[in-house]
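What the coordinates show
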Amino acid sequence: MPESKNNKPRLDDLAASQIGKKLRAQFDEVLNEPVPDRFLELLNRLETAEGRPAKDSDHD
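Below: a short report on this structure. The structure displayed is predicted, hence computed values, not measured ones.

1. Let's talk about the overall build of the protein
- Counting secondary structure elements, the protein contains two helices and zero strands.
- Here the protein, with 60 residues, has 5% of them falling under the buried criterion.
- When the accessible surface of the protein is split by element, carbon and sulfur atoms take 56% of a total near 5,900 Å².

And the structure:
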C-alpha cells in the first residue's frame, strides 16, 4: 500500500475501485430483499403512536 506524505496508509486506486464494486454489489442485494413483516409492524406501531396514519403493510 502506498503511503502519503503524512505516513497514513492509503489504498491504491485499483484496490479502492474493486472494494467499492464489491460493496455496491453486496448492498444492492440487501436493498432488494423484502422488509420483514415484524419490522413493518413495528414501524406501523411507531407511526400510530406518533399520531400519523399507519401505512398498509401490503404496499411497498
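2. A look at helix 2 (residues 37-49)
- When the terminal C-alpha atoms of helix 2 are compared, their 18 Å separation across 13 residues agrees well with the 18 Å that a helix rising 1.5 Å per residue should span.
- Positive backbone phi, at 85 degrees, marks Gly51, one or two positions downstream of helix 2.

3. Observations regarding a nonpolar patch on the surface
- On the surface, a cluster of nonpolar side chains totalling about 450 Å² of accessible area is made up of Leu11, Ile19, Leu23, Phe27 and Val30.
- Mapped onto the elements, Val30 comes out in helix 1 (residues 13-31).
- You can call Val30 partly exposed: its relative accessible area is 43%.

4. Thoughts on helix 1
- Look at helix 1: 26 Å from first C-alpha to last across 19 residues, which is about the 27 Å you get at 1.5 Å a residue.
- For helix 1, the N-terminal capping position is held by Asp12, with its side-chain oxygen 3.1 Å away from the main-chain nitrogen of Leu14.

5. Here we look at the environment of Arg45
- Here Arg45 is to be found in helix 2.
- The spatial distance from the C-alpha of Arg45 to the C-alpha of Lys55 is 9.8 Å, given a sequence separation of 10 residues.

6. A few points about the pattern of salt bridges
- If you walk through the whole model with that rule in mind, you get two salt bridges.
- For Arg10, the salt bridge identified is with Asp13, shortest N-O distance 3.9 Å.
- In this structure, the salt-bridge partner of Arg38 is Glu41, at a minimum N-O distance of 3.8 Å. Here Arg38 pairs with Glu41, and both are found in helix 2, just three residues apart, close to one helical turn.

Calculation rules
- Residues numbered from 1 in each chain as written.
- Predicted model: local features only at pLDDT ≥ 70, side-chain atom pairs only at ≥ 80, totals over all residues.
- Heavy atoms only, no water.
- Helix = DSSP H or I, 4+ residues; strand = E, 2+ residues; numbered from the N terminus.
- Buried < 20%, exposed > 50% of the residue type's maximum accessible area, 1.4 Å probe, protein only.
- Areas by Shrake-Rupley, 256 points an atom, 1.4 Å probe, with all protein chains shown as cover.
- Expected span 1.5 Å × (residues − 1).
- Patch = residues over 30% accessible without salt bridge, like charges linked within 9 Å, V, L, I, M, F, W, Y side chains within 5 Å.
- Salt bridge = Lys/Arg side-chain N within 4 Å of Asp/Glu carboxyl O.
- Polar contact = N/O pair within 3.5 Å; in protein donor to acceptor, adjacent residues only side chain to side chain.

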